Structures are given as C-alpha cells and as structure tokens.
Amino acid sequence: MSEQIVNKKIEVINTTKIFGKNAKRASQLLNEGKSKGEILKATGATVGVKNASFDVYEGEIFVIMGLSGSGKSTLVRLLNRLIDPTMGNILLDGEDIVGMNKEQLRNVRRKKIGMVFQNFALFPHKTILENAEYGLEIQGVAKAERQAKAKESLGLVGLAGYEDQFPGQLSGGMQQRVGLARALANGPDILLMDEAFSALDPLIRKDMQDELLQLHNDMGKTIIFITHDLDEALRIGDRIALMKDGEIVQVGTPEEILMSPSNEYVERFVEDVDLSKVLTAGHIMKKADTVQIDRGARIALRMMKKLGISSIYVVNKANRLLGAVTAQDASLAIEAGKTLEEIMITDLPMIPQDTVLIDLFDIVSTAVIPVAVIDENNRLQGIIIRGALIGALSGDNQFINNNGTFDSDEKTDTEVKING
Amino acid sequence: MDKILPRLPFAEWIDNGVDWLVVTFGTVFDGISDFLKGIVEGSVEWLDMVPSILLAVLFALLAWFVSTRRIALFTLIGLLFIDYLGYWYPMLQMLALVLTSVFFALIIGIPVGIWGSQQATARKIINPLLDLMQTMPAFVYLLPAIFFFNIGVVPGVVASVIFSMPPTIRLTMLGIQQVPKDLIEATEAFGSTTWQRLSKVQIPLAKPTIMAGVNQSIMLSLSMVVIASMVGAPGLGEEVYRAVTQLKTGVGFEAGLSIVIVAIILDRVTQHAGKKKQGGITK
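As the structure is a prediction and not an experimental result, all values here were calculated from the model.

> Got a sec to walk through the nonpolar core? Specific residues and values, please.
In terms of nonpolar packing, the biggest core is built from 74 residues, with A:Met193, A:Phe225, A:Tyr313 and A:Ile384 touching the most fellow members. Top contributing element to this core by residue count: helix α7 (residues 172–185) of chain A, with six residues. There are two domains that each give this core at least three residues, and those are domain 1 (8–112 + 188–273) and domain 2 (281–418) of chain A. The residues touching A:Phe225, leaving out its near neighbours within four places in the chain, are A:Ile61, A:Phe62, A:Val63, A:Ile64, A:Met193, A:Ala196, A:Phe197, A:Leu212, A:Glu232 and A:Ile236. B:Ala72, B:Ala145, B:Ile169 and B:Val240 belong to the second largest nonpolar core, which has 62 residues in total.

Quick look at the structure:
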C-alpha cells in the first residue's frame, strides 16, 4: 500500500504533555514509571500525552487513533504547538519547533502546517472566499493574489461558485470542505486533521474520505489524521498509531495493526473489525500450480496427480493466464489426442489483487475451480480457495499473507491438497 | 468598638488626598475642564445654528440610515414634539452632554474591555473597580469632581463617564471571551498575531455584544443628566431639577417626557446598529 518513502517529515521524540499546576512533580513521577491514575491522585495533574515517540514520513497519511480521552487531540496540537509540550522534542524537517520563539513558530504555522478542525471552526462573519483567504490574509498577501489562490483551493474541494455564501448557509460536509480549502490555500506541506470528518454523517464522511485520498494522491501532502473510528483509520491510513491513556500503544500499517496486535488492548480494539472489508484477495491467495501451455495434457495430468489436485491453471511463458484444465478433461484429452489449448476452460473467474473479501463471496461460491488472482498484465498471481477465505474471515493468521502480497518462497504443497 | 480598634480617619485622608490633587495637578484639571467644556458647549452652539425643524429631519434621516423607517418616523415626531413644548435648546444641551460622556466612556471602555478579555490578571483588577464605579452613589464622586473641575457641565460629564463606562467594559470583555474556542484555535493555527486574532475574528464576532454594552452606556449616561444638573450642568435635567425644587409638577413631566423621548430614540437606534451588518447567518 504505502510506497517506500524514507524522508522523515516529522519526528516526535519522547514528548510528554502534563496539564495542571504540578507538572514538574508529575513528570518526575512519570519518569519513575507511575501510571496516569497514580499521578492524578498524587499531584492533581493530568497526563495528556505520555512519552510519545514516532516518525511521520513525507507524503504519507499518518492516522492517530484512539478513544476519547486517549490524548490524540492533545498530541496533534503539540505538532503545531497549539499546546506546548511539557517535555520532549518535535522535529519538523529536522528543526525542533519546541525551542522556537513566537515569531519562528508563527512562520511555521503560516507556511508549513495547515489544520482542519472537528467542528469546522469557520469564521461565521466571513464569506466562504474570505474564510479560505484567511491564512494568506494574515501573511499580508495582496488581495488579488490571495483571492486567486483561495478560489483555486475552493475549486480543488469542489466548492467553486460558493465564494460569496456564508458558512451558516452551507451543509456540514460543505463547511468541512471550506475548512479543508482554507488549510490548503496556504500551500502547507503538512495537514493536521483533527477528527475532521467525525461530525459528518456516514455517507458524506465516506465521500470526504475518498476525496481526501484523491487530493492526497494528487498533491502528495503529509497528512496527520486524527480519528476515533477504526474503520476510517484503516480506510485512509498508510500507517496508524493507536493511543490509549496518553500512550502510543502501537504504530504500524493497517495490516500490522489488524494481524499482529502488539497487546491485548489493540487486540480488543480491532476484534470487531469487519475483516471482509479490510482484507484483500492478495491477503488470502495461495501460490497457484500452473502448467505451461506447450507441455501437453499428459504432463498436466501428472502434475495434478502428484499434487493431489483436480484442476490446474494453464499459462504461457510469461506466466500470463490462459485458462485451466480439470483432471477429467485432461485424461479425456489424452485418449482423444487433443492439445491443452483445445480442452482448457477459458471462461475463468479472475479478480485483481486488491479486491476486498466482501466482493469475493459471490464469485468464490459459484466457481467450480479456484478463483484466479491476476495483475494488470493478466499474469497469474495466485489463487483463492474457499478454505482460505473462510479461515481468514475467522481471523486465523495462518491463512493470511503478511503484506497483502504473495511470498513466492512459501511452500504450498501441503495446502494445495484442499483445492477444489 | 471604639475602644478595641482606634477609628481610622479615612474621611480625613480622602479629603487631604483630594486637596493635594487639586493643588498639585490644578493646571492639568483646568486643562481637562476647558477641553471638555469646549467640546460640549461647542457642539451645542454648532447644533443650534441649524433650524430645529431641519435638524429634526436630519436626525430622522440618520436614524433611517442606521435602523428602520419606523424608528426614523418616531425620531422625527418625537423631536418636533420636544420643539413644540419649547425644550429644544435644553434638549440640545442634554444631547451634547450625553454624547460627549458616551464618547469618552467608549474611547476608554472598549480598549480596557479588550485588555481585560486578554489577561486574567487585568480582569482581577478591572472587575472590582467596575463594581465600585457602578455601586458607589453618583453624588459621592460628584463632590470631588466639583473641586477638580468647578461647577458646570464638566463635572457632570466626568460623573457620567465614570457611571456609564462599566457596561461597555463588561460586555466588551464578555463578547470577546464568548468567541468559541475552536475559532481562536483556528486563528492561532494559521499563525495570526494577537492583534490579527482580535481585529479579524474576535472583535467582529463580539460586535453585537459590544453594541449592547454601548447601548447600556448611553442609557446610564441619560439617567445621570438630572444628577449632573445638581452641579450645574445645563439641559433637560436642569429643567426637571428646577421643577422639582419649585414643585412644578406639570413642567417636570414635560421635561421628563422629553428625556424619555430622547432616550427611546437613542436606545432603538443603537440597538439596530448592533444588529445590522451581520452578514449571513450567525450561530
């Protein structure tokens, strides 16, 4: 899913935020390994974020997820210092923002970081255009230029033509588009989105997620997305940080979080996830046994016998899928002296690798032979067998491939026996 | 009580303090006095140059521009009625006194309110002072005002400013503090300076509340005109005061009614000024 990007955009190093008067004493207790509850009891101070360390890579969507009170909103505000951290360092392009003075910080906020808020936080007395202009206006950009840029970013979010309306006249979804346009108008590298879609109803939320992914695809900005909704996190996140009681419990790709939860909390958190919407064909496919088309029916039949399977796929030299033959057809062909090409079934169920499981049920249930997984060049990647599909849905890891791709070294001889 | 604690001579201290101020800053107070007197009497003279009917029409047009046609109509009829009763000139004198007082109350009150909205420590100083200004009987600071500024319109202006300023300060603070927290966060997140945050977001959003404070200041200042007339401030208040001392009930009512008319006009017009120009729909 995520491309290999090495550039660290943001580095958060051992950052802690303690709210309350006794922050010093509380941080001492924290270092002694006391829990959030114990510290609250002893000092009256609340630990908002506890010793958080993570990196955000350039161009990725980094989701910070947790239930309310887990410190995720505090954490995101530390990144642009709307809340000052009690301890720790936050590097932005290698520069520590914790040590910055007001002027430097203002510059970072103006040029590098845009923010989108849960309840939109639009200025009710300004028009949509004026709202989108705000970031540029306070930088002293000339009116004509900032209006042009604001219009452009309103266009990006599909709000061209609404410039002269006021926020109160728009629906929630549209208001949040304005919020997004306002953040984009400055041309920041980083977007902080604090529960940006949580106040929207489910259908609109899904549309907004799609559009965000599209925008992200087009513009390649680094996005930090806060949410309490696991489905949302899994849907849009390249990587996810899971938070509990101010601590980051696990950081990983959606697959890693789902498939190898680092502790019981994560496990409980993800147990209700509808795996059929998350796992793809790539996750459950097995290595396919193939026979090249010029080998003939006899060899195909021998292979099937040896492997104990009742059908086999036929490919050309480039591993391009041509069709399949069943053992029955193959033995008939040997008697009649026919070639593989003449007897193979070409009307095969074929699916791309990123099909989610929920879309597979129909195909798999009606298919006589295992369903073929192909890439965009029609090359055979693997096959889906019913047992693996059911096994994966039950959450059994032995049926699930790690990165959503097939590991070619894997020994599959034992598993192919259940084919058909 | 006397035997346990010696009675501290507060009254004497205050008298001495006032004496000291009068002697030390006499020229400063004289300057302020001349300045205020110049403004009030100058504006009365200037307004009086315009024929009463024309001025009434002008005021009505102004009311129309700021508020509604109904209020404009009331303004016209009300002012012509005052003219008809023969209180035109005292009305102008009162208007000059009230508007001057309110002008200074706003000039001082709004910045103080903004300052108070930004700093908790400032609020801790301002709030008790406001309580003092509002509850201390007005006569009490009318007395030192006479020492500082002599008899006449000026101590009346000063007392009105002090008495009418608190609502403006309080409601300015309230209005700015009531701006939702996420809007403040948004302005901060985009890198606004404090002044940009105030001028572009907080003050515009607080405007209806601030205008409610201005409206209250005008009303309080009007309520001071009779009291101000006791130290020699001329105007409708003086007419009422004289009627009271001479037991002329009818005259008192006539003058009092004129004050009410002016009060209603000012109240309705400023209320509308607060509501208007609220582009779009506010939450």
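> Please provide a residue-by-residue account of the interface of chain A and chain B, values included.
Many structure descriptions define interface size as the accessible area lost when the parts assemble. Taken residue by residue, the interface counts 26 residues in chain A and 21 residues in chain B. Interface of chain A and chain B: buried area, both sides summed, is about 2100 Å²; carbon and sulfur atoms make up 63% of it. Among the residues of chain A in contact with chain B, A:Pro124, A:His125 and A:Tyr134 are the three that bury the most area, contributing 24% of the side total. Along the contact surface separating chain A from chain B lie three salt bridges. Residue A:Arg77 pairs with B:Glu185 through a salt bridge whose shortest N-O separation is 2.4 Å.

> Requested: an account of the packing of helix α8 (residues 153–177) of chain B against helix α10 (residues 194–223) of chain B, with residues and values cited.
Residues and elements named next belong to chain B. Interaxial distance between α8 and α10 falls to 7 Å at its minimum, and their mutual angle equals 155°. Between α8 and α10, the crossing angle belongs to the class labelled roughly antiparallel. The two elements α8 and α10 meet at a crossing, and its hand is right-handed. Residues of the contact of α8 with α10, tallied by class, amount to 13 nonpolar, twelve polar and no charged.

> Pulling in residues and values, what's your account of the pairing of strand β4 (residues 87–92) of chain A?
Two faces make up the sheet, and in a regular strand the side chains alternate between them. All names here are of chain A. Looking at chain direction, strand β1 (residues 8–19) and β4 are connected through five bridges and run antiparallel. Its bridge partner being in β4, Thr-16 is matched across the sheet by Met-87. Sheet topology note: the β4/strand β5 (residues 95–96) ladder contains two bridges and is antiparallel. For Leu-91, the partnering residue across the bridge sits in β5 and is Asp-96. As consecutive antiparallel partners, β4 and β5 are separated by two residues, and within that stretch Asp-93 has a phi angle of approximately 50°, a positive value.

> Describe unusual backbone geometry, naming the residues involved and giving the relevant values.
Residue and element names in this part refer to chain A. Positive phi is not limited to glycine here, since Phe-120 has a value of about 70°. On the secondary structure map, Phe-120 appears in the loop between β6 (113–116) and α5 (128–137). Residue Phe-120 is classed as buried on the basis of its relative accessible area of 11%. For Asn-319, which is not glycine, the phi torsion reads 65° and is therefore positive. In this structure, Asn-319 sits in the loop between β12 (311–315) and β13 (321–326). Overall, the relative accessible area of 30% leaves Asn-319 in the partly exposed class.

> Hey, could you go over the pattern of salt bridges for me, with residue numbers and the actual values?
Applying the stated criterion across every chain, the model contains 26 salt bridges over all chains. Each of the salt bridges in this network shares a partner with another, and the network as a whole consists of A:Lys9, A:Asp93, A:Lys112 and A:Asp189.

> Break down the packing of aromatic side chains for me, with residues and values.
Any pair of aromatic rings gets described here by the distance separating the centres and the angle formed by the planes. Throughout the structure, instances matching the rule amount to twelve aromatic pairs over all chains. Note on B:Trp20 and B:Phe25: the rings are 6.0 Å apart at their centroids and 90° apart in plane angle, and the pair reads as edge-to-face. By relative accessible area, which is 37% here, B:Phe25 ends up partly exposed. Above the face of the A:Phe123 ring, A:Arg182 is positioned so that its terminal group lies 5.0 Å from the ring centre.

> Requested: an account of the confidence of the model for chain B, with residues and values cited.
With 95% of its residues at a pLDDT of 70 or more, chain B shows a mean pLDDT of 88. The low-confidence segment residues 277–283 of chain B (pLDDT under 50) makes eleven contacts with residues lying over four places distant or belonging to another chain.

> Explain the sheet that holds strand β15 (residues 371–374) of chain A to me, and be specific about the residues and the numbers.
Residue and element names in this part refer to chain A. Taken in spatial order, the three strands line up as β14-β15-β16 in an open sheet, and their pairing is mixed. Unpaired on one side and paired on the other, β14 (350–352) and β16 (380–384) mark the two borders of the sheet. This sheet shows a mean twist of 35° between the axes of neighbouring strands, independent of strand direction. Direction of pairing for β14 relative to β15: parallel, over a ladder of three bridges. Bridge pairing links Pro-352 to Ile-374 in β15.

Definitions and limits used
Residues numbered from 1 in each chain as written. Chains lettered and ligands numbered in written order. Predicted model: local features only at pLDDT ≥ 70, side-chain atom pairs only at ≥ 80, totals over all residues. Heavy atoms only, no water. Core = buried A, V, L, I, M, F, W, Y, C linked by side-chain atoms within 4.5 Å. Buried < 20%, exposed > 50% of the residue type's maximum accessible area, 1.4 Å probe, protein only. Helix = DSSP H or I, 4+ residues; strand = E, 2+ residues; numbered from the N terminus. Domains from an automatic or database assignment. Contact = heavy atoms within 4.5 Å. Buried area = accessible area lost by both parts, 1.4 Å probe. Salt bridge = Lys/Arg side-chain N within 4 Å of Asp/Glu carboxyl O. Axes fitted to C-alpha atoms, helices over the stretch in contact; angles between N-to-C directions. Parallel < 35°, antiparallel > 145°, perpendicular 65-115°, else oblique. Left-handed = near helix turned anticlockwise from the far one by under 90°. Nonpolar A, V, L, I, M, F, W, Y, C, P; charged D, E, K, R; others polar. Pairing = 2+ DSSP bridges. Phe/Tyr/Trp six-rings, centres within 6.5 Å; stacked < 30°, edge-to-face > 60°. Lys NZ or Arg CZ within 6 Å of the ring centre and 35° of its normal. pLDDT = per-residue confidence, 0-100.

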